[in-house]
Amino acid sequence: MDANLFDFTGKTVFVAGGSSGINLGIADAFAAHGARVAILARDPAKIDAALDRLRRHGGEVAGYSADVRDPAAVARALEQAHAVFGPIDVLVSGAAGNFLAPVLGMSPNGFKAVVDIDLLGSFNVLRNAHPYLRKPGASVISISASQAFTPTRYQAHVCAAKAGVDMLTRVLAQEWGPDGIRVNSIVPGPIEGTEGMKRLAPTEAARQDMIRRVPLGRYGEVREIAGIALMLSSPLAAYVTGVVLPVDGGVSLTGPRDFAAAYEAASR
Ligand code: COA
């Protein structure tokens, strides 16, 4: 087997949501393995900080400020990245939003905000990227969440949106397979240091409750998600498409989390 399975030198990686958290960790891992990396995010200051981090690996990097809810802005960023870096070998779609609220505590606009970022945003990124993806050969990865499998109180918007993201993965694997494009989802469990977990488990008690429900008995690390993104984009996974892959210490096997206490604490 080829010893350089994880050498991404000369490859172009585009990460939507890549200025922070899991998505930045993924961008960083690809940069460390030689890729040219473009990131898209909303906040120009966070983009600049992320680019500083990515540049330390010595490769070419670029950042684009856009909201994934705006298809024209997403299309412009992808067009510009393609003009600079050429065809996209790896596309990661991970922009997400979340807050804890029961359905009755959520306005239509609150529900829409999360569905628009997570699901419609994924559609905007994937659909607009298609002309610029390497054909054959591109690896497309959407970042989902275990709420896609587990009906979870106070997370109706995220459950609905992420289940939709995973369905998009399964449908596009079929529609784009003939182009030689593979489409997969990574489903992270609770990951250390992320904005998502700050919102979902804001207290030490909530954190310990979460850990008790994880068969492996701990939070995951960003690099454990990034490693799977590398693997899915490597020749090792050349025959893998339409897969929705939990990387969660087994937490999605153990039923829904209960965020009632975290919600009550945040509302006080
Ligand atoms: N409970 C109930 N409703 C809430 C809420 C909360 N905690 N936070 C926001 N909302 C509602 C707002 O009230 C608004 O609805 P309204 O117009 O009927 O009042 C709607 O959500 C949109 O809020 P707004 O702040 O204008 O949206 P935004 O587009 O600026 O932000 C969010 C989107 C709400 C998802 C915001 O949390 C965000 O940008 N998150 C990104 C970071 C993140 O969540 N990371 C974790 C990813 S797992």
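All values derive from a computational prediction rather than experimental measurement. (Residues numbered from 1 in each chain as written. Predicted model: local features only at pLDDT ≥ 70, side-chain atom pairs only at ≥ 80, totals over all residues. Heavy atoms only, no water.)

Now for the overall build of the protein chain. Looking only at helices and strands, the protein chain has nine helices and seven strands in total. Relative to the 2.2 N^0.38 estimate, which gives 18 Å for 268 residues, the radius of gyration of the protein chain is 18 Å and therefore close to what a compact globule would have. Seen along its three principal axes, the alpha-carbon backbone of the protein chain occupies a region of about 50 × 40 × 35 Å. Looking at the protein chain as a whole, 51% of its 268 residues qualify as buried. Put simply, 76% of the contacts in the protein chain that link residues at least 6 apart link residues at least 24 apart. Of the roughly 11900 Å² of accessible surface on the protein chain, 56% is carried by carbon and sulfur atoms. Seen as two clouds, the 26 positive and the 25 negative side-chain charges of the protein chain have centres 2 Å apart. (Helix = DSSP H or I, 4+ residues; strand = E, 2+ residues; numbered from the N terminus. Rg over C-alpha atoms; globule rule 2.2 N^0.38 Å. Buried < 20%, exposed > 50% of the residue type's maximum accessible area, 1.4 Å probe, protein only. Contact = heavy atoms within 4.5 Å. Areas by Shrake-Rupley, 256 points an atom, 1.4 Å probe, with all protein chains shown as cover. Lys, Arg positive; Asp, Glu negative; His and termini not counted. Charge placed at Lys NZ, Arg CZ, Asp CG, Glu CD.)

We now examine the site of the ligand. Every one of the 17 residues lining the ligand counts as a neighbour, but R42, R69, N98, S107 and R199 are closest to it. Side-chain polar atom of R42 to an oxygen atom of the ligand: 2.7 Å apart, as the coordinates give it. Contact with the protein chains hides 56% of the accessible area of the ligand, taken as 930 Å² for the molecule alone. At the level of elements, α4 (108-129) and α6 (195-200) are the ones that each hand at least two residues to the shell around the ligand. Its residues placed into classes, the shell around the ligand shows six nonpolar, seven polar and four charged. (Near = heavy atom within 4 Å. Polar contact = N/O pair within 3.5 Å; in protein donor to acceptor, adjacent residues only side chain to side chain. Nonpolar A, V, L, I, M, F, W, Y, C, P; charged D, E, K, R; others polar.)

Every buried residue of helix α7 (residues 204-213) is listed here: A206, M210 and I211. Taken down its axis, α7 places every buried residue within 140° of arc, on the same side. Opposite the buried face of α7, at more than 90 degrees from it, the exposed residues are A205 and R212. The secondary structure elements touched by the buried residues of α7 are α6. (Arc of directions from axis to C-beta.)

Attention now moves to unusual backbone geometry. Residue P136 is bonded to the preceding K135 through a cis peptide linkage, with omega at 0°. For P136, the position within the fold is in the loop between α4 and β5 (139-143). The backbone of Y154 sits at a positive phi, close to 70°, despite the residue not being glycine. Tracing the backbone through its elements, the reader meets Y154 in the loop between β5 and α5 (156-176). Assessed through its relative accessible area of 13%, Y154 is described here as buried.

This brings us to the sheet that holds β5. Judged by pairing direction, the sheet is parallel, and its seven strands sit side by side in the order β3-β2-β1-β4-β5-β6-β7 without closing on themselves. Two strands bound the open sheet, and with one partner strand each, they are β3 (61-65) and β7 (244-247). Strand-to-strand twist across the sheet, computed as the mean angle between neighbouring axes with direction ignored, equals 20°. One ladder, built from five bridges, connects β5 with strand β6 (residues 182-188); its direction is parallel. (Pairing = 2+ DSSP bridges. Axes fitted to C-alpha atoms, helices over the stretch in contact; angles between N-to-C directions.)

Following the criterion strictly, the structure yields two aromatic pairs and no others. Between F8 and F30 the ring centres are 4.9 Å apart and the planes differ by 80°, which places this aromatic pair in the edge-to-face class. Placement of the pair is F8 in the segment before β1 (12-16) and F30 in helix α1 (residues 21-32), with a sequence separation of 22 residues. Its guanidinium or amino end placed over the ring of Y219, R207 lies 4.5 Å from that ring's centre, counting from NZ or CZ. (Phe/Tyr/Trp six-rings, centres within 6.5 Å; stacked < 30°, edge-to-face > 60°. Lys NZ or Arg CZ within 6 Å of the ring centre and 35° of its normal.)

β1 sits mainly inside the fold: five of its five residues count as buried. Burial of β1 is two-sided: the residues T12, F14 and A16 facing one way and the residues V13 and V15 facing the other way are all buried. The pairing of β1 with strand β2 (residues 36-41) spans five bridges and is parallel. Paired with A16 across the two strands is L40, which belongs to β2. Sheet topology places β1 next to strand β4 (residues 90-93); four bridges connect them, and they run parallel.

Between side chains of opposite charge, a pair can form as their charged atoms come close. Summed over all chains, the structure comprises 14 salt bridges. The salt bridge partner of E221 is R223, with a shortest N-O separation of 2.9 Å. For E221, a relative accessible area of 34% puts it in the partly exposed group. Given the relative accessible area of 59%, R223 is considered exposed. Overlapping salt bridges, with partners in common, bring together E192, E204 and R207 in one network. (Salt bridge = Lys/Arg side-chain N within 4 Å of Asp/Glu carboxyl O.)

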